[in-house]
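Inside the fold
Here's the letter readout for the chains.
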Amino acid sequence: MKKVLVICATGIATSTIIMARLTEWLKNENLLEHVELHQGKVSEAFHVQQDYDFIISATIVPDDLKENVIDGVPLLIGNGSEEVFENIKNRIRR
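Residues numbered from 1 in each chain as written. Predicted model: local features only at pLDDT ≥ 70, side-chain atom pairs only at ≥ 80, totals over all residues. Heavy atoms only, no water.

What follows deals with the environment of valine 73. With respect to the helices and strands, the residue valine 73 is situated in helix α3 (residues 73-77). Sequence separation between valine 73 and isoleucine 17 is 56 residues; the distance between their C-alpha atoms is 10 Å. Discounting chain neighbours no more than four positions away, the residues touching valine 73 are Ser57 and Ala58. (Helix = DSSP H or I, 4+ residues; strand = E, 2+ residues; numbered from the N terminus. Contact = heavy atoms within 4.5 Å.)

With that settled, consider helix α4 (residues 81-93). Across its 13 residues, α4 extends 18 Å between first and last C-alpha, which sits within 8% of the 18 Å expected from 1.5 Å per residue. Every buried residue belonging to α4 is among Ser81, Val84, Phe85, Ile88, Lys89, Arg91 and Ile92, and all of these are buried. Projected down its long axis, α4 carries its buried residues within an arc of 165 degrees, all on one side. Seen from the open side of α4, the exposed residues pointing more than 90 degrees away from its buried face are Glu82, Glu83 and Arg93. Of the surrounding secondary structure, the elements contacted by the buried residues of α4 are β1 (2-8), α1 (13-28), β2 (35-41), β3 (54-57), β4 (69-71) and α3. (Expected span 1.5 Å × (residues − 1). Buried < 20%, exposed > 50% of the residue type's maximum accessible area, 1.4 Å probe, protein only. Arc of directions from axis to C-beta.)

In total, this model carries one aromatic pair according to the counting rule given. With centroids separated by 4.6 Å and ring planes inclined at 10 degrees, the aromatic side chains of tryptophan 25 and phenylalanine 85 adopt a geometry described as stacked. A residue pair is termed long-range when its members are at least 10 positions apart, and tryptophan 25 in helix α1 and phenylalanine 85 in helix α4 qualify at 60 residues. In terms of burial, tryptophan 25 and phenylalanine 85 fall into one category: buried. When the ring centre of tyrosine 52 is taken as origin, the NZ or CZ atom of lysine 3, which lies over that ring, is 5.1 Å away. (Phe/Tyr/Trp six-rings, centres within 6.5 Å; stacked < 30°, edge-to-face > 60°. Lys NZ or Arg CZ within 6 Å of the ring centre and 35° of its normal.)

Written as structure tokens, this is what we have:
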């Protein structure tokens, strides 16, 4: 089971949209049972990053976090979302 944190600036608006789209995609790909999703804000992510396999972000993250973060903005705008989903799938299967 992979633990995934979805973050945005406040942990409310854009992360909620990404969570909904991600959950739907995970269901369609039969991957939802392999993932534990959590939601939060970027300011908290630095302190809890070690608790998660990877982070999906809808905002700019500090350099210290970038290594473990997938840019989730394409999931908001639709352009480039397939590449993001493929990256997520690869990380789930690691």
